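# What the coordinates show
Residues per chain are reported as follows:
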Amino acid sequence: MSGEFFKICRIRQDRSPLNKNPRLTWGFLFSRDRIKQHNGQEARPRPSEAKILLYVALAMKKPDPYWSSLPENDPGDQSRLRRMMAEFREGFAFLKPLKEEKVVSIFGSHLDKENDKEYQQARRLGQKLAQNNFVVLTGGGPGIMEAANRGAAEANGKSLGITLEFPNIEQDNDYMQKSVSLHYLFVRKVILAHAAQAYVFFPGGFGTLDEFFEISTLISTRRLHQKIPVILVGRSF
């Protein structure tokens, strides 16, 4: 098997408050050769599925059974389902007073500081939206979310947040008039998507990209209105 097709790499997960016992994980980087190489010759054929499966089998150690990898205090699936349903009810109840309001959901990095360009842009945007009677809705965290909430609050507008229980990662900002705290990330994404008549995305990380592609997928699959505004801030991003 040619090394041009496969690279087996060891990926060490970063230490974080959510991963106190990082372990080495084996992964694959599969790449396809170009159809034409620079010298004009055709590229080699792609490996068969059988060879791919062989490489996966060779690289993997015996995986732990699912149940043996659960923590001792695991609440169980039924308890999780009840909590999910409770959070959906709480989230939609939070949105109910906004039924007749114009809402804009704003997404972006939680790492931006007050002097950063994007922070100032989000703050000004929050002010202008509030001045034009729009409700500003964010994830309620620091960075871009704080800036947008702050701008709306400074303009005496409605500044709301759908926060997440991330005590060691993401602290709630102080510029929300009302907020609701959720445990499950996917529930927060649903609530933020459901509430708004427009979406604004500032530069961010994996979370921002995840939310952007989810909104894009909902639009492309006609689960959201085809003409709902989706605004990306920053050409380089």
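What counts as what
- Residues numbered from 1 in each chain as written.
- Predicted model: local features only at pLDDT ≥ 70, side-chain atom pairs only at ≥ 80, totals over all residues.
- Heavy atoms only, no water.
- Phe/Tyr/Trp six-rings, centres within 6.5 Å; stacked < 30°, edge-to-face > 60°.
- Helix = DSSP H or I, 4+ residues; strand = E, 2+ residues; numbered from the N terminus.
- Buried < 20%, exposed > 50% of the residue type's maximum accessible area, 1.4 Å probe, protein only.
- Contact = heavy atoms within 4.5 Å.
- Polar contact = N/O pair within 3.5 Å; in protein donor to acceptor, adjacent residues only side chain to side chain.
- Core = buried A, V, L, I, M, F, W, Y, C linked by side-chain atoms within 4.5 Å.
- Lys, Arg positive; Asp, Glu negative; His and termini not counted.
- Salt bridge = Lys/Arg side-chain N within 4 Å of Asp/Glu carboxyl O.

By the definition in use, this model includes six aromatic pairs. On the basis of an interplanar angle of 20° and a centroid distance of 6.3 Å, the ring pair of Phe-88 and Phe-92 is categorised as stacked. On the criterion of helical spacing, the pair formed by Phe-88 and Phe-92 is a turn pair, its members being four residues apart in helix 2 (residues 77-95). A relative accessible area of 35% means that Phe-92 is categorised as partly exposed.

Here we come to the environment of Phe-186. Position of Phe-186 relative to the elements: it lies in helix 5 (residues 185-195). The exposure class of Phe-186 is partly exposed, given its relative accessible area of 35%. Sequence separation between Phe-186 and Met-84 is 102 residues; the distance between their C-alpha atoms is 9.6 Å. Contact partners of Phe-186, with chain neighbours within four places excluded, come to Met-84 and Phe-88.

Looking now at the side chain of Ser-159. Tracing the sequence through the fold places Ser-159 in strand 5 (residues 159-164). Of note is the side chain of Ser-159, whose polar atom sits 2.9 Å from the side chain of Asn-149. Of note is the side chain of Ser-159, whose polar atom sits 2.7 Å from the backbone oxygen of Tyr-175. Those residues in contact with Ser-159, other than ones at most four positions away along the chain, are Val-136, Asn-149, Ala-152, Ala-153, Tyr-175, Met-176, Gln-177 and Lys-178.

As a rule of thumb, nonpolar side chains are buried together in soluble globular proteins. Counting 26 residues, the largest nonpolar core has Phe-94, Val-103, Leu-137, Ile-162, Tyr-199 and Ile-215 as the members making the most contacts within it. Among the secondary structure elements, those contributing two or more residues to this core are helix 2, strand 3 (102-107), strand 4 (134-138), strand 5, strand 6 (178-182), helix 5, strand 7 (198-201) and helix 6 (206-220). Sequence-distant contacts of Tyr-199, defined by excluding residues within four places in its chain, comprise Ser-105, Phe-107, Leu-192, Ala-193, Ile-215, Leu-224, Ile-228, Pro-229, Val-230 and Ile-231. With 15 residues, the next largest nonpolar core counts Ala-122, Ala-147, Val-200 and Val-233 among its residues.

Topologically, Asp-112 is positioned in the loop between strand 3 and helix 3 (117-131). Lys-113 is the oppositely charged side chain nearest to the buried, salt-bridge-free Asp-112, at an N-O distance of 9.0 Å. Reaching out from Asp-112, the side chain makes a polar contact with the side chain of Ser-109 at a distance of 3.5 Å. In this structure, Asp-112 is in contact with Glu-118, Tyr-119, Gly-143 and Ile-144, ignoring residues within four places of it in sequence.

Mapped onto the secondary structure, Gly-140 falls in the loop between strand 4 and helix 4 (144-154). For Gly-140, a relative accessible area of 0% puts it in the buried group. Sequence separation between Gly-140 and Gly-161 is 21 residues, and the spatial gap between their C-alpha atoms is 4.3 Å. When neighbours within four sequence positions are excluded, Gly-140 is seen to be in contact with Met-145, Asn-149, Gly-161, Ile-162, Thr-163, Gln-171, Asp-172, Asn-173 and Met-176.

In this section: helix 4. Within helix 4, eight of the 11 residues are buried, which leaves it mostly tucked inside the rest of the structure. Along helix 4, the residues classified as buried are Ile-144, Met-145, Ala-147, Ala-148, Asn-149, Arg-150, Gly-151 and Ala-152. Check the buried side of helix 4 and you find it contacts strand 3, helix 3, strand 4 and strand 5. Positive phi shows up at Asn-156, right after helix 4, with a value of about 60°.

Moving on to the environment of Gly-157. Its place among the elements puts Gly-157 in the loop between helix 4 and strand 5. Considering only alpha carbons, one finds Gly-157 and Gln-131, 26 residues apart in sequence, at a separation of 6.8 Å. The residues contacting Gly-157, other than those within four sequence positions of it, are Ala-130, Ala-152 and Gln-177.

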